[in-house]
Number of protein chains: 2
Amino acid sequence: MATIKDVAKKAGVSVATVSRAINDKGYVHEDTRKLIDEAIRELNYKPNEVARSLFNKKSRLIGLILPDIRNPFFPELARGVEDEMQAHGFRLIIGNADEQLDKEIDYIETFKLNNVIGLISASTNAVLSQYKSLSFPLVLLDRTSEEHPSVHADGYAGGRLAARELVNRGSSRITLLKGPVEFQTARDRFKGAVDELYSANVEFDVMTTASFAFQEAEYWAKELFEKYPDTDGVIASNDVVAAAIIHEAHRVGKKMPEELQIIGFDDIPFSQFLYPALSTIRQPAYDMGREAAKLLIKQINGEKLESKRIQLPVQFIERQTTRKGDHHD
Amino acid sequence: MATIKDVAKKAGVSVATVSRAINDKGYVHEDTRKLIDEAIRELNYKPNEVARSLFNKKSRLIGLILPDIRNPFFPELARGVEDEMQAHGFRLIIGNADEQLDKEIDYIETFKLNNVIGLISASTNAVLSQYKSLSFPLVLLDRTSEEHPSVHADGYAGGRLAARELVNRGSSRITLLKGPVEFQTARDRFKGAVDELYSANVEFDVMTTASFAFQEAEYWAKELFEKYPDTDGVIASNDVVAAAIIHEAHRVGKKMPEELQIIGFDDIPFSQFLYPALSTIRQPAYDMGREAAKLLIKQINGEKLESKRIQLPVQFIERQTTRKGDHHD
DNA sequence: TCTGTATGTGTAATCGGTTACACACAAAAG
DNA sequence: CTTTTGTGTGTAACCGATTACACATACAGA
């Protein structure tokens, strides 16, 4: 690989001049600039990011921490972040914390030691002390925070919405699945649903699904029908769990949506392919990713943030696991 | 952040000694070592990876290029790579090329300029000139190569297997979906299926699905039933496409598996939740990831590779989109 | 006593960039 | 004609690590 010295020699100038030319800082004569550009092209020179980063204490890398890359919701977030970063010349590196604290700490450390210029975390453990001592900006994604800028969907409204739609469509013995307590969004949507059900004066049971992972989703589904065999409406903690429930419902012979309505949460791409296609509360994952990226870029550029907490709306996506309701507009 | 100088000062030695102590190179007196350890602990010192990397021209980072993070098959691969790397003290950074050439080139460049110590690529464009001029080892994942070590599943056998199972289970007007030509694995499994169908002397049509993405899968599914309304067996190019076909089959009122059998490819976690649950050819994605990681680590350590091309077996997973067959053992 | 080897440590160069500062020169201002 | 200001460029220090090399000491064997 060619270095700045090679370029300087070839162009017959000093490295300082080359550096100035590259970075458009200070004066460089038009003619010298041409010489340098020429040398750069001939040698196919690319500035060494590591050396730059060592001096500047900043790279062009953005770190993104995801709690579980296998849950399709998170790749969707990542795509949003990536596209926005791409457009601004930043590079995204993804760390998959796998819902494990030590992995997450490892990644934060790795990001620090590699001088990332900013960090977006969609992790559950955002309260970590590691997040306090960062020398670069942090944006929390898919959760809120007092201390840091954040982007999230309106989980509470989503929970209310899910409950309302289910009730309006005639379910009366509802089972409400509560996601892992660590996930703030899970708590929000749970609370939303509870509040709505209370105020609608509808009976409901609560079951906790202590994880969002595929492997365990099947287990929750089985547990659901054992504990509450005559439930006629399920508000699932997310789409993965909802998928497992649909599957199990078929197995135990429940007709959907006639005998059992189900509403998921997230609207991952797969939900439309389920049978019956899953009615769900959509989170605009891609947009959330983009917004988080924008927020981070603003901070990196030292701009003032007019709003530190961006909340995006959720939306009911009507498909086949809910009946036609007497729909209030 | 504390630097090596701070540690040296606190321990009352030179930076060289500290460096030797940290890296266990050269002589360091037991007593001095203790002093240094003590200083490191007190200052909470962590060597700056960027500075190290600048000198050594190596980091502890491994790059992984995925063609599409949204296809659940790839996160699964990534998890395998990650777990193995984690165990060896390497850090994984993921780049999502999004099946776009320029993004992929960008990522290779980013990885180079950040001194990754090795690269695993599951991209379609492994023929790229960028891959030739690497100064660090490369392992190709989910595809083969003459020039580079690679890990892949036996797509050809998978194609044959899919065709054989479908024929054995009584489909006679088979439609064979051909995945994107860029994907070598897609070509392999296509060829396997073709060979098997020829030798079994079974009629079949071919339809090309020029992408594996969700958004388009639905389109292929519709096209399938328009073009070949009386097909009674589909060999899908992957599970995502298969999911779309199941969905569409419901819509047009085909009974599965009685009137229509479907076999997918990959066995992504979602396949079990489809209705009917998808019979598919399983690729051991997680293991593939691990093997690729092992291969890369061996190269990094300068070990001899006994085999440069690792092929993992595929497996027929019988679920509900295929009928009970007169099963030859 | 002299030489050779093993042990322990520090100085300074190096990796590939960036930038403060000094200096040279030209044109404009006084 | 001197002073100021704006351009243009090079020298060298610096970012935070690693390591070649020099040097000092201790102890062995001759």
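Residues numbered from 1 in each chain as written. Chains lettered and ligands numbered in written order. Predicted model: local features only at pLDDT ≥ 70, side-chain atom pairs only at ≥ 80, totals over all residues. Heavy atoms only, no water.

Draft legend 1. Representation of the side chain of E49 of chain B. Looking at the element boundaries, E49 of chain B is found in helix α4 (residues 49-56). Not counting residues within four places of it along the chain, the set of residues in contact with E49 of chain B comprises L113 and N114 of chain A together with R60 of chain B. (Helix = DSSP H or I, 4+ residues; strand = E, 2+ residues; numbered from the N terminus. Contact = heavy atoms within 4.5 Å.)

Draft legend 2. Focus on the interface of chain B and chain A. Contacts between the two partners involve 51 residues from chain B, matched on the other side by 51 residues from chain A. Between chain B and chain A, a total of about 5100 Å² is buried, with carbon and sulfur atoms accounting for 64% of that surface. Of all residues in chain B, the largest losses of buried area upon contact with chain A belong to L113, F270 and F273 of chain B, amounting jointly to 15% of the total for that side. For the pair chain B and chain A, the number of links is 12 salt bridges. Where R91 of chain B meets D106 of chain A, a salt bridge forms, and the shortest distance between an N and an O atom there is 3.1 Å. Taken together, the residues of the side of chain B that touches chain A sort by class into 27 nonpolar, 10 polar and 14 charged. (Buried area = accessible area lost by both parts, 1.4 Å probe. Salt bridge = Lys/Arg side-chain N within 4 Å of Asp/Glu carboxyl O. Nonpolar A, V, L, I, M, F, W, Y, C, P; charged D, E, K, R; others polar.)

Draft legend 3. Structural view of the protein's contact with DNA strand D. DNA strand D sits among 29 residues. The nearest are T17 and Y27 of chain A together with I4, S19 and N48 of chain B. Among the atoms of DNA strand D close to the protein, meaning within 4 Å, 69% are from sugar or phosphate groups. Take K57 of chain A: an N or O atom from its side chain is 3.2 Å from a phosphate oxygen of DNA strand D. A distance of 3.1 Å is found between a phosphate oxygen of DNA strand D and a side-chain nitrogen or oxygen belonging to Y45 of chain B. Listed by contribution, the elements that provide at least two residues to the surface near DNA strand D are α2 (15-23) and α4 (49-56) of chain A together with α1 (4-11), α2 (15-23) and α4 of chain B. When residues of the surface near DNA strand D are assigned to their parent elements, the largest contribution, five residues, is made by α4 of chain B. Per-class residue counts for the surface near DNA strand D are 13 nonpolar, 10 polar and six charged. (Near = heavy atom within 4 Å. Polar contact = N/O pair within 3.5 Å; in protein donor to acceptor, adjacent residues only side chain to side chain.)

Draft legend 4. Region of interest: the domain arrangement of chain A. For chain A, the assigned domains are domain 1 (4-47), domain 2 (56-153 + 285-313) and domain 3 (155-283). Relative to domain 3 of chain A, the C-alpha centre of domain 1 of chain A lies at a distance of 62 Å. (Domains from an automatic or database assignment.)

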